[in-house]
Amino acid sequence: FTQTMEDAAVSNITSSLQMRSLTRKLSNKNAKFVYISTAFVHGCETGTKTEPLPETLFSLHPYDPLELYKSMLGTQSYASAAMNALGFPNTYTFSKCICEHLLHGENDQNTLIIRPSIVGPSVQEPFEGWAGEKPSTIVAAACLYLKFPYNMWCFGKETVPFVPVDVLCRAIISRAFICLDPDASGIEGAFSDPSADYDNEEKKESLQFDHSLANYPRKYIVTVAWDASSHESASFSWLSYAYAITHMGSLCGHVHRVVAYSGLLLSTKLFPRLQFSLDAFDLLHSLLIRTSIDALLRLCDKLPWKPEFAQELKMLGQVLDLPLVFFPFANQSFYFRSELSPPGDFNSERYMFSCVVAAHRFIRMIEAKRRKHSKYYNSLNFREYPNYAHNSVKADRNISSIVVAGAEHTMPFSDFWWALTQPQGSIFIRFLGWILAKVFRHTVTEIEIDVASFVEYARALSTLSNSDRPNVIIAPTHRSLYDFLIVSYICFSLPELGLEMPHIAAASDFSRIPIIGWIASKAGAFFVKRGEAKKDPNLSKNLSMITQSPTFIEVFIEGKRSRHRTFLAPKTGFLRCLAESNCNYIVLPMTINYEDLPDQTSLLNEANGNRGGEMSLSALMNWSIQAFSGRINVGRIFISVSNAINGLNMNSKDPQYLGCCIQNHQQRRIVVSEFHVRAASLAINVPPKLISDALSSIGCCHWPEWRDKGQFNQMPTDLAVQWSVMLHFGHALAPYLPKSHSRWASWLSPSNLVFGTKVQSNEIVDSIVSKIVLYFDAAEKAANDVITMLKEKGFSKPNENHVMQQLPNDGKVPLFLMNVAVKILLHGTKCTTPTKNTMRVTEHEKKVSCVEPLFHLDARRLREQKFQVEPIESFGAWGYSDSYFVLNFRRDGTKFVSMKGMRYSISGKEIPGLVNFIEQELQVDITPNSITLPPVPELNGVPDSDLTPEEFSQIACTINNDRNRISNNIVDRARHGTGHTQHDMFNLRSGSIKIRLPDVVVWPKNEEELSSIISIATQRNWCVIPFGGGTNVTHANHCPEKVTDTRRMISVDMKLMNQILWVNEEDGLAHVEAGITGLHLIEQMNKRGFTIGHEPDSYEFSTLGGWIATKASGMKQNKYGNIEDIVKEVRVVGAKFNLAQEHKLNKVSFGRVSTGVDLKSLMLGSEGCLGIIASAVIKIWPIAETKQFESVLLPNFDAGIKFIKELSKMRSMKPASARLLDNDQFRLGQALKEAPSKLESLRQVASKSLGDYFGNFNGKSVVCATITFEGSCSEVKLQRKNVQKLAVNHGGLLAGPKVGKAGYDLTFAIAYLRDFAMNYAILGESFETFVPWSKLTQVVMATKKRIYEEHKNRSLPGKPFVCSRITQLYDEGACVYFYFCMNSDGVLEPSNVYGEIELCARQEILNNGGSLSHHHGLGKLRSQFVSQIFNDGYVNSLIAIKKAMDPMNTFGARNGVFSNIPINSSTGMEHQRKSHLGK
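What you are looking at is a predicted structure, and each value in this text was computed from that prediction instead of being measured.

Peer 1: Help me understand the pairing of strand β9 (residues 471-476) in this model?
Peer 2: As a general feature of sheets, a regular strand has side chains that alternate between the two faces. Judged by how many residues are buried, β9 sits mostly within the fold: six of six residues are covered. Side chains N471, I473 and A475 of β9 all project onto a buried face; the interleaved residues V472, I474 and P476 project onto the opposite face, where all are buried too. In this structure, β9 lies alongside strand β13 (residues 585-594), joined through six bridges in parallel fashion. Along β13, the bridge assignment pairs A475 with P589. Here β9 pairs with strand β12 (residues 552-554) via three bridges, running parallel. From the neighbouring strand, I474 faces β12, where its bridge partner is E554.

Spelled out as structure tokens, the structure:
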């Protein structure tokens, strides 16, 4: 039940498809394939007695079963989203349902699907109560209940949907052989023996069944469960089962009575009454049970002795989550349509007892084995407003109001005593009331209730008896998150209004906020999924349950808060479900009038096109600090209600009509204060009196003023805020807009489409409207100009977000008005944005057209070679084929990422913050199936190798004709002709390889074979390009194009030359072949007690030869040096001869010599253009006595640079590795952290809130240094002391070893992030440079600025994400890494555009004092900059050296300074050119 998506697909789908395939191949064509599914394959449906779950396939619409199967084995996002949307509780039932579809798709008459319900012990055979060798299903539940009574269970009164195992077996046999024996006696003959005994001591009782299979047509899906029409005694309830287990456990001594009955009280009374959702129960279970057990086990592990109970707890740990598995089945009843009915004398109580006895037996067995192996108003708050004009016909009335909260509210005694003495509400509600009274006093001038408006509602209810009382739907306007609090507070503080505490229909987002979600649910909230363009399956269920007795429900008809105070189009989902429930209800429209809004800034930020921050506990704490420190004042709030609407009179009408009717009632209660008028005056530059007169002339209500003058906040100065305040009464002006602006009228008041009335304008109103229309026209013009511009730049169909991002923000027109104009131009009158979570399957996911049930190698992998010495590497992606990031969805719809495999510290863990971080930073939407590139490259249109069969054979001869070590396979050629730039990966993933590939790949095993390969290549004038780990990001492995070099291209893969030739431990030297990977070399040396000290980020795949050829550098350079410091000698196979430094004695090397230019210096950075490095003598060190980690938080980047610079001057006291992450990269690292525990989450929220409040470590500026120490204990202790002192001097604080180690470990896993992002049209890459300390800040700031400018100049979608990291430290400066990501959705030639921006960034680095590269090398990608770093004399000298060493230009990779060799500069090239022309 708890398998991963992939494992569930393999075990429940792939294996079944294989078996069905095997069945078809049998010689007996009548052979049947019987598939054992489960009765719980109907998603969230449970059936009813009148409409039980049918014996038909459950509809997966709109999802495709085949695509779901593929997704489960691949990216999993499509399948994860489908499982949550369809309501499957776990991967087991989900995969079973998919498999049914795949098996049934071909209407195979020889395939039978059996659907058992929960299988329990036998009822007859082999004996009553038999439950197998191990406890399972309901018996396992009883065992765990008895064995560990401190676990959390939740047993409702629902019935247990069981089927005895022997009944199931007979059903399978009977159904499987029905076609073979037409005279079979059906269920009677196949299911029971009239003379069968229950046991030897009981009298014989027969299981008589009502039906015979022989009288039924053949069926291919059979449910084996008691039919819904079965008599009530056919089953027992979970509640009864819990009582039976408890009684048994107490009587038999398995558990103490006090413990047992305490647990029974909780699991059968308390928890069911709380009506937890599965997620809530999961959270509580994790917090109270799993966390406690894990903590106890960790404590036990640290003890010098092992307590006896620890081992038992570890064993129980594997099944502690069993209550979560049973929760969906134990808290709802299931009804099935089946041919199976129990006999009339079937005793369910007896069977239940059999289950408990079976559990008792297992417990006894376990205990036997353990024994064997163990040793509360004031008149000042009441107001009257005589002759108050409140509506369009100016009917005067006296209104009475009460101030219930705020700074102007008078409380005669303490808030606590007031809350405690209120006539209604639980202790929890009273506590919330106490808190809210304080919050409102600090943030609101007054909350005033128009009590008189409730009169008609109260009169209507008073005439009804209790039996006729309807459900009351409170429908407030929705402008702020305060709305939830205000409505509940009114109901609590003024029960005389006739309002009880309501159930609140809240957005599901609230449920995900720690503590807040729980508080909301305790306050009566139920959570509704919104924005998914489909019906929430749980809504009807919640409404049905809530409305069983007359109650109050609060719902926001608009669905979400208006971002600019206009009315939003009513949502119909809740109203439709309400109508379908056939309950008696009335709707009470409520209008909450604000002067200012507490969340005005964030709402406008979203209205301006920016992504809104997710609701979180951290955001709440920050807001609370501001509120209680007096930084928030929203002025006055006035609440009024309209006459109630009888829902029964509306049920025959369209829900949209009812929604507009409610909204129309709400608009009648909008009141306008002096604050609104003055803000509008500033917004459109007209006198306040003119606006006030215009509103009076059209019947708009004015805010009732107390003490002659309204009290309002300081007037806003921002145009957008002024417009937003003015739009509070925008609906009143909508009918007066000219017909040419009907779409804007619809935006101001959607209900005008239904209740549009003819209005008679006047000169005052026209003058106001004309001013407003000018802004509307200007907004449309600006939007249209941007759309035109984008189309001219090649974006044929720019989307809404892209257009919004390019809008001018000059302050002349509010940005949100222009955004509305964009929606009007792109989407018409609806002004809606496409649904965020709309499912779509890309073409890449529809490549395969049929089911292939058999296993295949993952196509991401390179071909599996017989000589493979390393784990299989991904093809078209970084790293191992079993390690990659995938997007998944929880039941509540939230997205999270996890990493497959088990290689890294974050592997297999949920990473909840990454998707939100990417979406926020790049302004993109990562939707479930927005994959733009296939994860598996499909190489089409790649030219064949130019190598002839004879030439192929000649090369094979050099390696003893071992055809396993030579290949012209397209995949091998593509891998060896590319590196790991984003350009290479994009081309591979998109299947558009436009570069030349090598003609053949060959794997030599030793230096002799390597020499033979080079020799024949020189003789035949072929070009040889060495290949190490293929991790380069410089295009170094790219073959020269044929216009430059027409020769055969031979790729020599060095990976088989991976032996350690000798080790001299005394001198600290090792002679190692150059093809060995860093991972293999480190492992081998560690076994000998040594380390090589060189750890580049790519060490898992890069090779020693590659390090030397690119002049590489590692993370621990501070201690061990760079590759030039580590390598002592090299052996090289050249075009004319082999090169090496000779010694009279073996296994020695000189630490330093003065014998001229050495070979090592010549080969360092040669990038495969002078020869192939065959082996090298390297320095090795004994493994350090201790290795420790630390991390330092610093207030900002400047402080960070000063800290890291001073750290670099510490000489021998420098830590082995120290890296500084700028704020952007630090936040990325935080986003990559696994989900914290509840306690850790609270600690992080508190820390972040205090840091933001005091300003020292603001979340938008803080940077982090991660440090690694290696050496002796005394050395490391001294280094740590110096680092701590240095951190304090620079205003920093130590963040602890855990953060430091996490940063170190993430170095390797983060490399996989680029390919995950590429799935969703996000391109990213890193590039590095060396920068002097005097230029470091300048280079970082200028480079980032240049990238932002280039991105803006190209009008690209989204925002670029640019971060930096300082890594290797030197006395003169440091290595700086830049990371740049961009949204490529809709961009033509996105990889080339990215490359252009990267080149501009590189030029900016050079212009500001940075180097061309620190350790990546030049390759072909950066060769165009050579003239800026070397003069002609130096370049020509190097070319002359190459010509002398390689006259035929055999090593013609043309990297770095050798990229622009004239075509006739080498004999080989000239010869090749003439030969080609001769043809």
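Peer 1: I tried to follow the side chain of R1402 on my own but got confused; where do I start?
Peer 2: Note on placement: R1402 falls in helix α50 (residues 1390-1407). No salt bridge is formed by the buried R1402. Its closest oppositely charged neighbour is E1328, at 4.4 Å. Here the side chain of R1402 touches E1328 through a polar contact of 2.8 Å, landing on its backbone oxygen. Discounting chain neighbours no more than four positions away, the residues touching R1402 are F1327, E1328, T1329, S1411, L1412, S1413, R1422 and F1425.

Peer 1: Would you take a moment to explain the pattern of salt bridges for this structure?
Peer 2: Opposite charge on two side chains permits them to pair, given that their charged atoms come into close proximity. A full pass over the atoms with the stated rule returns 42 salt bridges. Between E558 and R479 there is a salt bridge; the shortest N-O distance is 3.1 Å. Here E558, found in the loop between β12 and α20 (573-580), pairs with R479, found in the loop between β9 and α17 (482-493); they are 79 residues apart in sequence, far enough to count as distant. Here K1344 makes a salt bridge to D1222, at a shortest N to O gap of 2.5 Å. Placement of K1344 in helix α49 (residues 1336-1353) and of D1222 in the loop between β33 (1217-1221) and α44 (1223-1231) is noted, with a sequence separation of 122 residues between them. A relative accessible area of 3% places D1222 in the buried class. Three or more residues joined by partner-sharing salt bridges are found here, namely E921, D1222, D1224, R1227 and K1344.

Peer 1: Help me out: how do you make sense of α49 in this one?
Peer 2: Helical periodicity: at 3.6 residues per turn, an α-helix aligns residues three or four positions apart in one direction. Here α49 spans 26 Å end to end across 18 residues, near enough to the 26 Å set by a 1.5 Å rise per residue. When we look at burial in α49, the residues that qualify are L1336, V1339, V1340, A1342, T1343, K1344, R1346, I1347, E1350 and H1351. On the buried face of α49, the contacting elements are α43 (1197-1208), α44, β36 (1322-1332), β37 (1361-1369), β38 (1373-1383) and α50. In the stretch just after α49, S1355 is the one whose phi turns positive, near 55 degrees.

Peer 1: Mind showing me how you'd approach the nonpolar core here?
Peer 2: Buried together is how nonpolar side chains tend to be arranged in soluble globular proteins. With 113 residues, the main nonpolar core has I684, W723, W744, L817, F1203, I1204 and I1366 as its most contacted residues. At 13 residues, the largest contribution of residues to this core is made by helix α30 (residues 763-792). One finds M1049, C1363, I1439 and A1453 within the second-largest nonpolar core, a separate group that totals 88 residues.

Peer 1: Where do I start with the sheet that holds strand β2 (residues 111-116) in this structure?
Peer 2: Across a sheet, paired strands are connected by hydrogen bonds in the backbone, their directions being either parallel or antiparallel. One open sheet holds the three strands; their spatial order is β1-β2-β5, and the pairing between them is parallel. The sheet is open, and its two borders are formed by β1 (33-36) and β5 (221-224), each paired with just one other strand. For this sheet, the mean angle separating the axes of adjacent strands, direction not counted, is 25 degrees. Direction of pairing for β1 relative to β2: parallel, over a ladder of four bridges. The residue of β2 that forms the bridge with Y35 is I113. In this fold helix α4 (residues 91-104) packs onto β1, β2 and β5, with an angle of close to 160 degrees to the strand it touches most, β1. Sheet strands touched by helix α6 (residues 165-176): β1, β2 and β5. Its angle to β2, the strand with the most contacts, is close to 160 degrees.

Peer 1: I keep staring at the packing of aromatic side chains and nothing clicks. Help me out?
Peer 2: The geometry of two aromatic rings is summed up by the distance between their centres and the angle between their planes. Per the counting criterion, the structure on display carries 50 aromatic pairs. Judged by centre distance (5.3 Å) and plane angle (85 degrees), the ring pair of W878 and F1101 falls under edge-to-face. Of this pair, W878 sits in the loop between α32 (815-827) and β18 (885-889) while F1101 sits in the loop between β27 (1090-1091) and α39 (1104-1110), placing them 223 residues apart in sequence. Residue classification places W878 among the buried positions, given a relative accessible area of 10%. Of the residues examined, F1101 reaches a relative accessible area of 5% and is grouped as buried. Connected via pairs of aromatic rings, a cluster forms that spans W153, F155, F162, W226, F236, W238, Y241, F326, F346 and Y351. Stacked on the ring of Y880, the Lys or Arg R903 has its end atom at 3.8 Å from the ring centre.

Peer 1: I keep staring at the environment of N610 and nothing clicks. Help me out?
Peer 2: Note that N610 resides in the loop between α21 (600-607) and α22 (617-628). Note: C-alpha distance between N610 and Q923 (313 residues apart in sequence) is 7.4 Å. Those residues within four positions of N610 in sequence are excluded, and the remaining contacts are N605 and Q923.

Peer 1: How should I be thinking about the confidence of the model for the protein chain in this particular structure?
Peer 2: Averaged over every residue, the pLDDT of the protein chain is 82; residues scoring 70 or more account for 84%. In the model, residues 180-217 has pLDDT below 50 throughout and makes 72 contacts with residues more than four positions away in sequence or in other chains. Note that pLDDT drops below 50 for residues 829-869; the model gives that stretch 94 contacts with residues more than four away or on any other chain.

The rules behind each value
Residues numbered from 1 in each chain as written. Predicted model: local features only at pLDDT ≥ 70, side-chain atom pairs only at ≥ 80, totals over all residues. Heavy atoms only, no water. Buried < 20%, exposed > 50% of the residue type's maximum accessible area, 1.4 Å probe, protein only. Helix = DSSP H or I, 4+ residues; strand = E, 2+ residues; numbered from the N terminus. Pairing = 2+ DSSP bridges. Lys, Arg positive; Asp, Glu negative; His and termini not counted. Salt bridge = Lys/Arg side-chain N within 4 Å of Asp/Glu carboxyl O. Polar contact = N/O pair within 3.5 Å; in protein donor to acceptor, adjacent residues only side chain to side chain. Contact = heavy atoms within 4.5 Å. Expected span 1.5 Å × (residues − 1). Core = buried A, V, L, I, M, F, W, Y, C linked by side-chain atoms within 4.5 Å. Axes fitted to C-alpha atoms, helices over the stretch in contact; angles between N-to-C directions. Phe/Tyr/Trp six-rings, centres within 6.5 Å; stacked < 30°, edge-to-face > 60°. Lys NZ or Arg CZ within 6 Å of the ring centre and 35° of its normal. pLDDT = per-residue confidence, 0-100.

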